[in-house]
Amino acid sequence: MKSINDDASTQDVDPQSDHSSDYLAHPNSHPEPHPQPRRPRGFAAAPVTTNTGGKGKKEREKEKERTKLRERHRRAITSRMLAGLRQYGNFPLPARADMNDVLAALAREAGWVVDADGTTYRQCPPPSNGSFAARSVESQLSGGSLRNCSVKETIENQTAVLRIDECLSPASIDSVVIAERDSKNEKYTNARPINTVDCLEADQLMQDIHSGVHENDFTSTPYVSVYVKLPAGIINKFCQLIDPEGIKQELIHIKSLNVDGVVVDCWWGIVEGWSSQKYVWSGYRELFNIIREFKLKLQVVMAFHECGGNDSSDALISLPQWVLDIGKDNQDIFFTDREGRRNTECLSWGIDKERVLKGRTGIEVYFDMMRSFRTEFDDLFAEGLISAVEVGLGASGELKYPSFSERMGWRYPGIGEFQCYDKYLQNSLRRAAKLHGHSFWARGPDNAGHYNSMPHETGFFCERGDYDNYYGRFFLHWYSQTLIDHADNVLSLATLAFEETKIIVKVPAVYWWYKTPSHAAELTAGYHNPTYQDGYSPVFEVLRKHAVTMKFVCLGFHLSSQEAYEPLIDPEGLSWQVLNSAWDRGLMAAGENALLCYGREGYKRLVEMAKPRNDPDCRHFSFFVYQQPSLLQANVCLSELDFFVKCMHGEMSDL
């Protein structure tokens, strides 16, 4: 079987490459006549001149394209195979596994030993004297011992006892144990299930072993802290706490569930709502004092986006009024789609370093609010009440472009639209195109469809579409790099403002169209994660640089077969990739639920995601945030939530 490592030798379709060399190839490079050089990689490479005729050159180019298509097709099949092995077989395959990794995992599953250099052999050497080591079932056995036993073919003339060979390769549990007969020469060539009188003792032992491992038993599992997010709208636009008594009743319910703490959004549109650099924290001070009375931990969100647009809350909290006033004269401070429509949910990342906000840049505005908060509540930091600060980095507080805006007409499962048509991001795109020697690439794709398009309906996202040609890779690299640069710039100042405090960044779960080669919805959101490369790695490298905790939005519901088929979604595959990519880089991971209310099965899925059962490194979430409108509402089942909290704490079985 040809491995993907071998396939990677083809220059233009290297799946492991980050294509950085694509942007470094010199347009004026000239090849040596003898020997004939390989064609330079990248969209900036000059044509290769050869002494052969034009017809031969065209044939070679056609064959090269056919090879690329075959490799992409084979890689897509490999990706689905790996996803199935991870999801249904619990194989701990790395994020960029190839066929060698698959073969090694299958060999180990079958009981073979596979060394790092590929040397493969059975776990135990073959018997030297024609007999197998065996022991009586009366000795202490474990579940692993029973799984690693095989049929004993040589029976010695001894008292009839049950014997188990420990050196052969593992076999099915139902067919590995046989009873020894009194006859010296009698041999068994086929195993039989443990269901006879001769095997009653072993059968009982197997039942005892299985009874000790319950599928829903979360006792003695790692302790995962649980926070409840307080509903938006508890503080009005004048920064006044609306209903202190109602908040106290809410906290009484939260405390009764043995929850570790609460999460509070600090809205930029409230704190600095009316005048530039005039910060009002009075309502938050009153709220934090109440939380202190209940001895709950506190996480605070620096919310630099609008509330009420795509959020589940009924409250409407816009950006600061003075910012909206600037936007009336300069609409390019907001994200803009291809049709020129402006999205006022958050500021465009194009102004991160542009002094268009009353003499300040975008990142300076964010830093000034974070610094004001740190100074105002220094006493709460000192006493440890504030345990962490989450920094909002985009739409809905998540690190993403506002590509799925319902106010623009988007409906699930549309692919969304690129949000890069304000003049500041367009200037950035022009500079990038000029830097790479292709000024005519300073444009967004004109065949990427609309908010509610499907990938196959577009020329850009369809299979073998423009997303995978030279221009497409250039544009998507620039688009995702803008997201990465924004995170890097803001987090550099956040770590300065909140020194020695845990900082959190929320990553979205864009799971629809995950099974298509282009991953169209992720591309418009800013994650360059098509089939041929890992788009989360460069993002998490920046998060690791600033030692932040990655909080992932988790889905706790089960999709019907029809729902899973139509948009080719794969929430489990996405979760596996994101969490393992973060953990492999040493990041702390946390979770937050996406829906407002769950049944018991939904809670169970959230717990299993927070504490994976078969992870050999025993990795798990550091905390989990449960968001809901209010625990006082009738549709919130407190008994179910109590089960969930106890399972997260490792105190409850039989969820």
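Residues numbered from 1 in each chain as written. Predicted model: local features only at pLDDT ≥ 70, side-chain atom pairs only at ≥ 80, totals over all residues. Heavy atoms only, no water.

Some thoughts on the nonpolar core
By size, the foremost hydrophobic cluster in this structure holds 153 residues, and its most contacted members are Tyr284, Phe288, Phe373 and Met550. Top element by residues in this core is helix H13 (residues 470-497). It accounts for 13 residues. For Phe288, the residues in contact, after removing those within four places along its chain, are Val264, Cys266, Leu298, Val300, Phe373, Phe377, Leu380 and Leu385. Listed in part, the 8 residues of the second largest apolar core include Leu82, Leu85, Phe91 and Ala97. (Core = buried A, V, L, I, M, F, W, Y, C linked by side-chain atoms within 4.5 Å. Buried < 20%, exposed > 50% of the residue type's maximum accessible area, 1.4 Å probe, protein only. Helix = DSSP H or I, 4+ residues; strand = E, 2+ residues; numbered from the N terminus. Contact = heavy atoms within 4.5 Å.)

Overview of the packing of aromatic side chains
Scanning the model with the defined rule gives 45 aromatic pairs in all. Between Phe381 and Phe498, the aromatic rings sit 6.1 Å apart at their centres with planes inclined by 25°, giving stacked as the arrangement. Of this pair, Phe381 sits in helix H11 (residues 378-383) while Phe498 is found in the loop between H13 and strand S12 (502-507), placing the two residues 117 residues apart along the sequence. Judged by its relative accessible area of 11%, Phe381 falls in the buried class. Ring centres of Phe460 and Phe461 lie 5.1 Å apart, and the angle between their planes is 85°; on these two criteria the pair is classed as edge-to-face. Note that Arg374 overlies the ring of Phe381, its terminal NZ or CZ placed 4.3 Å from the centroid. A cation over a ring is seen here: Arg473 above Tyr532, with NZ or CZ 4.2 Å from the ring centre. (Phe/Tyr/Trp six-rings, centres within 6.5 Å; stacked < 30°, edge-to-face > 60°. Lys NZ or Arg CZ within 6 Å of the ring centre and 35° of its normal.)

Describing the packing of helix H18 (residues 600-610) against helix H19 (residues 638-648)
Relative orientation of the contacting elements H18 and H19 amounts to 15°, with a least axis distance of 10 Å. Classed by the angle they form, the pair H18 and H19 counts as roughly parallel. For the element pair H18 and H19, the recorded crossing hand is right-handed. Contact residues: Arg600, Tyr603, Leu606, Val607 and Ala610 in H18; Glu640, Leu641, Phe643, Phe644, Cys647 and Met648 in H19. A per-class count over the contact of H18 with H19 returns 9 nonpolar, no polar and 2 charged. (Axes fitted to C-alpha atoms, helices over the stretch in contact; angles between N-to-C directions. Parallel < 35°, antiparallel > 145°, perpendicular 65-115°, else oblique. Left-handed = near helix turned anticlockwise from the far one by under 90°. Nonpolar A, V, L, I, M, F, W, Y, C, P; charged D, E, K, R; others polar.)

With respect to the sheet that holds strand S11 (residues 386-391)
Spatial strand order, S6-S7-S8-S11-S12-S13-S14-S15: 8 strands in a closed barrel with parallel pairing. Here the average twist between neighbouring strands, direction ignored, is 30°. Relative to strand S7 (residues 261-267), strand S6 (residues 225-229) runs parallel, the two being bridged by 3 bridges. Across the sheet, Val228 pairs through a bridge with Val262, a residue of S7. (Pairing = 2+ DSSP bridges.)

Details of the UniProt feature "active site" (unreviewed entry) in the protein chain
Feature annotation in UniProt assigns "active site" (unreviewed entry) to the following positions: Glu398 and Glu592. These residues run over 195 residues, yet every pair of their C-alpha atoms falls within 11.6 Å of each other. When you line up the elements, Glu398 lands in the loop between S11 and helix H12 (423-435). Owing to a relative accessible area of 10%, Glu398 belongs among the buried residues under this scheme. If we ignore the near neighbours within four places in the chain, the residues touching Glu398 are Leu393, Lys506, Pro508 and Val553. Residue position: Glu592 is located in strand S14 (residues 588-593). A relative accessible area of 2% means that Glu592 is categorised as buried. (UniProt positions renumbered as here; feature names shortened; annotations may be inferred.)

Quick word on the environment of Thr516
With respect to the helices and strands, the residue Thr516 is situated in the loop between S12 and helix H14 (520-525). A C-alpha to C-alpha distance of 8.6 Å links Thr516 and Ile569, two positions 53 residues apart in sequence. Ignoring sequence-local partners within four residues, the contact set of Thr516 consists of Thr531 and Leu568. Engagement of the side chain of Thr516 in a polar contact is seen with the backbone oxygen of Trp513, the distance being 2.6 Å. (Polar contact = N/O pair within 3.5 Å; in protein donor to acceptor, adjacent residues only side chain to side chain.)

Structural notes on the pattern of salt bridges
Taken as a whole and assessed by the stated rule, the structure comprises 27 salt bridges. A salt bridge links Asp368 to Arg371; its shortest N-O distance comes to 3.0 Å. Residue Asp368 and its partner Arg371 are located together in helix H10 (residues 362-376), separated by 3 residues, close to a single helical turn. In this structure Arg371 comes out as partly exposed when scored by relative accessible area, which is 43%. Residues Glu541 and Arg585 are paired through a salt bridge, measuring 3.2 Å at the closest nitrogen-oxygen approach. Residue Glu541 is located in helix H15 (residues 537-545), and its partner Arg585 is located in the loop between helix H17 (571-584) and S14; the two are separated by 44 residues in the primary sequence. A relative accessible area of 31% means that Glu541 is categorised as partly exposed. (Salt bridge = Lys/Arg side-chain N within 4 Å of Asp/Glu carboxyl O.)

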